[in-house]
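Listed here are the chains, written in short residue letters.
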Amino acid sequence: MARSRNLLHTSLTLLIASNAGFCGFASAHTDVTDNITEGRSGFNSLAIEHGCSNPATGRNLPVIAQSVVFPGSSPRVTRSDGSTSPGLSAEIVAGSGLAGLATPVQDKSIFRKQRAIKDANSNTIGFSGTGGSLAADLMGQVPFHLTAVRFQSTSCAKTLTVQIAVADICTRVFPPKAGTANLWIPATTRKFKGTGVEGFGAPAVLTVNRDLDSNPLPVHCGGGYDVTVAPTEDEVDNYLPIRGYWGR
């Protein structure tokens with residue numbers, strides 16, 4: 001009986017993994033591996049699902065560098081109920097916004113050189129890796145560490161969706177054009193608006209779920225609302241380029 005249950009569990013696991021792989025292929029891009037629950041810190045990663053497709057040759061070029069920018073101290077904040085948010089500090093316990101939420105983890109399986117990206121106040125708001133090569137027919141993972149996020153007890157927010165700007169770089173052409181980089185960013189900016197470049201409007205996303213057992217919604221909230229935060233256009237333009245390597 002135990003053996004039968006183990007076989008059933010293995011079969012279901014393989015089926016789920018197969019379906020997940022198919023779905024990933026259908027909408028393949030760079031995204032966060034795992035969503036998290038408030039109050040929990042730990043390791044996570046960005047999954048790179050493909051390189052850059054060269055429209056002229058049809059070849060899929062390997063990713064040689066990556067730049068990642070999280071929302072900083074003054075992110076763009078929107079609510080699913082259409083109301084204007086009074087600011088991120090009204091939704092989560094965050095003295096300096098989301099600066100410092102993610103820190104890089106040393107790992108040279110893809111990129112030989114890594115560094116933290118810091119804002120004008122020396123807060124870590126992202127990370128970059130250079131000197132790498134992710135085989136065009138393989139997927140990769142870039143690890144990072146997340147600090148815990150806590151919702152304000154007075155907020156009606158039930159989830160926090162963090163949009164992350166990611167540049168998967170396949171050649172050092174700047175500004176990027178089709179086939180040289182994939183730009184998984186919320187929207188075009190003054191610096192990043194290349195025609196044919198994949199990724200605009202499809203940023204990597206991390207969802208933080210409220211722990212409704214330990215931090216329930218106030219009674220007046222009803223079903224609550226979802227909060228989305230994104231880096232500003234200036235943050236993307238100022239910090240996504242890699243100093244001395246790509247665009248800076």
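Asks: Before we go on, may I ask you to explain empty space enclosed by the protein in this structure?
Replies: It is the rolling of a water-molecule-sized probe over the atoms that shows where space remains empty. Taken as a whole and assessed by the stated rule, the structure comprises 2 cavities of 30 Å³ or more. By volume, the largest cavity amounts to about 60 Å³. Of all elements in the fold, only strand E9 (111-118), strand E10 (124-132) and strand E11 (140-146) reach the threshold of two or more residues within the lining of the largest cavity. Top contributing element to the lining of the largest cavity by residue count: E10, with 3 residues. For the lining of the largest cavity, the per-class residue count stands at 6 nonpolar, 4 polar and no charged.

Asks: Help me out: how do you make sense of the packing of aromatic side chains in this one?
Replies: The geometry of an aromatic ring pair is captured by the separation of the ring centres together with the interplanar angle, meaning the angle of the planes. All told, the structure shown has 5 aromatic pairs when counted by the stated rule. Look at Phe 174 and Phe 192: their rings are 5.7 Å apart centre to centre, the planes differ by 85°, and that puts the pair in the edge-to-face class. Residue Phe 174 is located in the loop between strand E12 (157-169) and strand E13 (181-184), and its partner Phe 192 is located in the loop between E13 and strand E14 (204-209); the two are separated by 18 residues in the primary sequence. Ring centres 5.0 Å apart and planes at 90° place the aromatic pair Phe 174 and Trp 246 in the edge-to-face group. One end of the pair, Phe 174, is in the loop between E12 and E13; the other, Trp 246, is in the segment after helix H2 (233-239), with 72 residues separating them in the sequence. A relative accessible area of 29% means that Phe 174 is categorised as partly exposed. You can call Trp 246 buried: its relative accessible area is 0%. In this structure an aromatic cluster arises from ring pairing among Phe 70, Phe 127 and Phe 144. In this structure, Arg 79 packs its charged tip against the face of Tyr 225, placed 3.9 Å from the ring centre.

Asks: Just checking my understanding: could you explain unusual backbone geometry for this structure?
Replies: Glycine aside, residues mostly have negative phi angles, and peptide bonds mostly take the trans form. Between Phe 174 and Pro 175 the backbone carries a cis peptide bond, its omega angle lying at 0°. Structurally, Pro 175 is set in the loop between E12 and E13. The phi dihedral of Ser 122 falls on the positive side, at around 65°, and the residue is not glycine.

Asks: How should the confidence of the model for the protein be read in this particular structure?
Replies: It should be kept in mind that the predicted coordinates are not to be read in detail where pLDDT is low. Looking at the protein as a whole, its pLDDT mean stands at 87, while 88% of the residues score no less than 70. Mean pLDDT in the protein bottoms out at helix H1 (residues 2-26), which sits at 35, and peaks at strand E6 (residues 65-69), which reaches 98. Across residues 1-27, where pLDDT falls below 50, the model places 2 contacts with residues more than four positions away in sequence or in other chains.

Asks: Is there a simple way to explain the state of the cysteines in this structure?
Replies: A covalent bond bridging the sulfur atoms of two cysteines is what the word disulfide describes. Tallied over the full model, the rule gives 2 disulfides. Covalently, Cys 52 is tied to Cys 170 through a disulfide, its sulfur atoms 2.0 Å apart. Residues Cys 52 and Cys 170 are joined through a disulfide that is right-handed, its torsion about the S-S bond being 80°. Pair noted here: Cys 52 is in strand E4 (residues 52-53) and Cys 170 is in the loop between E12 and E13, with a separation of 118 residues, a long-range link.

Asks: What exactly am I supposed to notice about the side chain of Thr 30 here?
Replies: Structurally, Thr 30 can be placed in the loop between H1 and strand E1 (31-32). A distance of 2.4 Å separates polar atoms of two side chains, one belonging to Thr 30 and the other to Asp 168. Among the polar contacts listed, one links the side chain of Thr 30 to the side chain of Trp 184, at a separation of 3.5 Å. Among all residues touching Thr 30, those that are not within four sequence positions of it are Leu 46, Ala 47, Ile 48, Glu 49, Gln 66, Val 166, Asp 168, Trp 184 and Ala 204.

Asks: Teacher, can you tell me more about the pattern of salt bridges here?
Replies: Opposite charge on two side chains allows them to pair when their charged atoms are near. Tallied over the full model, the rule gives 5 salt bridges. Between Arg 190 and Asp 234 there is a salt bridge whose closest N-O contact spans 2.3 Å. Here Asp 234 lies in helix H2 and Arg 190 lies in the loop between E13 and E14, a separation of 44 residues in the sequence. In this structure Asp 234 comes out as partly exposed when scored by relative accessible area, which is 42%. Among the ionic contacts, a cluster of salt bridges with common partners joins Arg 190, Glu 233, Asp 234 and Asp 237.

Asks: How should the side chain of Thr 159 be read in this particular structure?
Replies: Topologically, Thr 159 is positioned in strand E12. Using a relative accessible area of 14% as the deciding quantity, one classes Thr 159 as buried. Here Asp 226 takes part through its side chain, which lies 2.6 Å from a polar atom of the side chain of Thr 159. Those residues in contact with Thr 159 that lie beyond four places of it in its chain are Phe 151, Thr 207, Val 208, Asn 209, Tyr 225, Asp 226 and Val 227.

Parameters and conventions
Residues numbered from 1 in each chain as written. Predicted model: local features only at pLDDT ≥ 70, side-chain atom pairs only at ≥ 80, totals over all residues. Heavy atoms only, no water. 1 Å grid on protein atoms, 1.4 Å probe; cavity = no way out; pocket = protein on both sides within 12 Å on 5 of 7 lines; lining within 4 Å. Points joined across faces, edges and corners; volume = space filled by probe spheres on them. Helix = DSSP H or I, 4+ residues; strand = E, 2+ residues; numbered from the N terminus. Nonpolar A, V, L, I, M, F, W, Y, C, P; charged D, E, K, R; others polar. Phe/Tyr/Trp six-rings, centres within 6.5 Å; stacked < 30°, edge-to-face > 60°. Buried < 20%, exposed > 50% of the residue type's maximum accessible area, 1.4 Å probe, protein only. Lys NZ or Arg CZ within 6 Å of the ring centre and 35° of its normal. pLDDT = per-residue confidence, 0-100. Contact = heavy atoms within 4.5 Å. Disulfide = S-S within 2.5 Å. Polar contact = N/O pair within 3.5 Å; in protein donor to acceptor, adjacent residues only side chain to side chain. Salt bridge = Lys/Arg side-chain N within 4 Å of Asp/Glu carboxyl O.

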